[in-house]
Amino acid sequence: VVKSHRHKVSVTQAFNQLRGDKGARSFYNGVSTVFYEIFPPTVIYFFTYDALNNQLSRYFKKHDLKHKWVIPAITSFTAEAISLAILVPINTIQTRMKTGEARYMYKSTWDGLKSISGNEGLLRLYKASHLLLLYYMSFTTTQFTLYEWTKKAMVERSGEKHFSMQQSVMATALSTIIASGLTNPLDTLLVRYQVTDFTEQKNKKLTASGLLARDYKRVGLAGVNRGFFVKVMLDTCYSMLYLPAYEYFRQRYHIELEI
């Protein structure tokens, strides 16, 4: 809500706006899309990430190549690209539903898919794919690369081979805060783009760069970077739910990445 408004809206104002619409239910707008947005793309991501890590590790070892630190950057980037095939259209629907606008209150994920494809064309579901691709590639690649680098530094510093869950939480927090902060302007642009109806006459020739220039002219750098602290906090809390768990199972089933 904070990011979708053209004018500056504080977290308190956004909270009151949502509560005033339909009460507590408004805070769960788009909940029907959560499963589709998280489960299939995440399974695809981690399966691809570990498979590529395994293949590249073997390749580097076989050919006695150095600079293994590049592996997580390559594998996280590629895995994210593949998972986005499902994530892009679902994200469009979810972002719109979260704004609370009446025209975007789809009954379900499938209703959103039918409504957007029917009224704005099937390609509208992927119209923001270049921005979503850029955002997730930047965020996930930065987050996972920094996580692996931080893990390596912590292990070397402690002199112990075991990487504890406490250390994993610390590495998760550090890598996520940096990745989230750096990519917040991209996320703001993405949200603004997702809630724009390009069938309207005034928006037919509007591009991502044009939208960015328009918003920057209206509200300046602060507007382009709005919702910074909320995004960093949410990304960090969310990452705490899966990265340490992923680390636990990775160690348990001996699929460590050596860089």
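About the thresholds
Residues numbered from 1 in each chain as written. Predicted model: local features only at pLDDT ≥ 70, side-chain atom pairs only at ≥ 80, totals over all residues. Heavy atoms only, no water. Phe/Tyr/Trp six-rings, centres within 6.5 Å; stacked < 30°, edge-to-face > 60°. Helix = DSSP H or I, 4+ residues; strand = E, 2+ residues; numbered from the N terminus. Salt bridge = Lys/Arg side-chain N within 4 Å of Asp/Glu carboxyl O. Buried < 20%, exposed > 50% of the residue type's maximum accessible area, 1.4 Å probe, protein only. Patch = residues over 30% accessible without salt bridge, like charges linked within 9 Å, V, L, I, M, F, W, Y side chains within 5 Å. Areas by Shrake-Rupley, 256 points an atom, 1.4 Å probe, with all protein chains shown as cover. Polar contact = N/O pair within 3.5 Å; in protein donor to acceptor, adjacent residues only side chain to side chain. Contact = heavy atoms within 4.5 Å. 1 Å grid on protein atoms, 1.4 Å probe; cavity = no way out; pocket = protein on both sides within 12 Å on 5 of 7 lines; lining within 4 Å. Points joined across faces, edges and corners; volume = space filled by probe spheres on them. Nonpolar A, V, L, I, M, F, W, Y, C, P; charged D, E, K, R; others polar.

### As for the packing of aromatic side chains
Here is step 1: Applying the stated criterion across every chain yields a total of 22 aromatic pairs.
Here is step 2: Relative to Trp110, the ring of Tyr36 lies with its centre 5.9 Å away and its plane at 75°, an arrangement referred to as edge-to-face. With a gap of 74 residues between them, Tyr36 in helix α2 (residues 34-62) and Trp110 in helix α4 (residues 109-119) connect regions that are remote in the sequence.
Here is step 3: For the pair Tyr45 and Tyr49, a centre-to-centre distance of 5.7 Å together with 10° between the ring planes defines the contact as stacked.

### Overview of the pattern of salt bridges
Here is step 1: Under the definition given, this model contains 9 salt bridges.
Here is step 2: For Arg124, the salt bridge identified is with Glu120, shortest N-O distance 3.5 Å.
Here is step 3: Given the relative accessible area of 3%, Arg124 is considered buried.
Here is step 4: A salt bridge links Asp235 to Lys231; its shortest N-O distance comes to 2.6 Å. Of this pair, Asp235 and Lys231 both sit in helix α8 (residues 228-252), 4 residues apart, roughly one helical turn.
Here is step 5: Residue Asp235 is classed as buried on the basis of its relative accessible area of 15%.
Here is step 6: Residue classification places Lys231 among the buried positions, given a relative accessible area of 6%.
Here is step 7: If you follow the salt bridges from partner to partner, you end up with Glu148, Lys151, Glu247 and Arg250 in one network.

### Focus on a nonpolar patch on the surface
Here is step 1: Side chains of Phe15, Phe27, Tyr28, Val31 and Val34 sit close together on the surface and give an oily, nonpolar patch of about 480 Å² of accessible area.
Here is step 2: One can find Tyr28 in the loop between α1 (11-22) and α2.

### A look at the side chain of Ser175
Here is step 1: Mapped onto the elements, Ser175 comes out in helix α6 (residues 165-194).
Here is step 2: Residue classification places Ser175 among the buried positions, given a relative accessible area of 0%.
Here is step 3: Reaching out from Ser175, the side chain makes a polar contact with the backbone oxygen of Ala171 at a distance of 2.8 Å.
Here is step 4: Among residues more than four places away in sequence, those in contact with Ser175 are Gln143, Leu146 and Tyr147.

### Here we look at the layout of surface pockets
Here is step 1: In this structure, the largest pocket encloses a volume near 1700 Å³.
Here is step 2: Lining the largest pocket we find 46 residues, and of these Glu37, Gln94, Lys98, Leu234 and Asp235 sit closest to its centre.
Here is step 3: In the lining of the largest pocket, the residues fall into 25 nonpolar, 14 polar and 7 charged.

Note that every value here comes from positions in space, so none of it alone points to a role or purpose.
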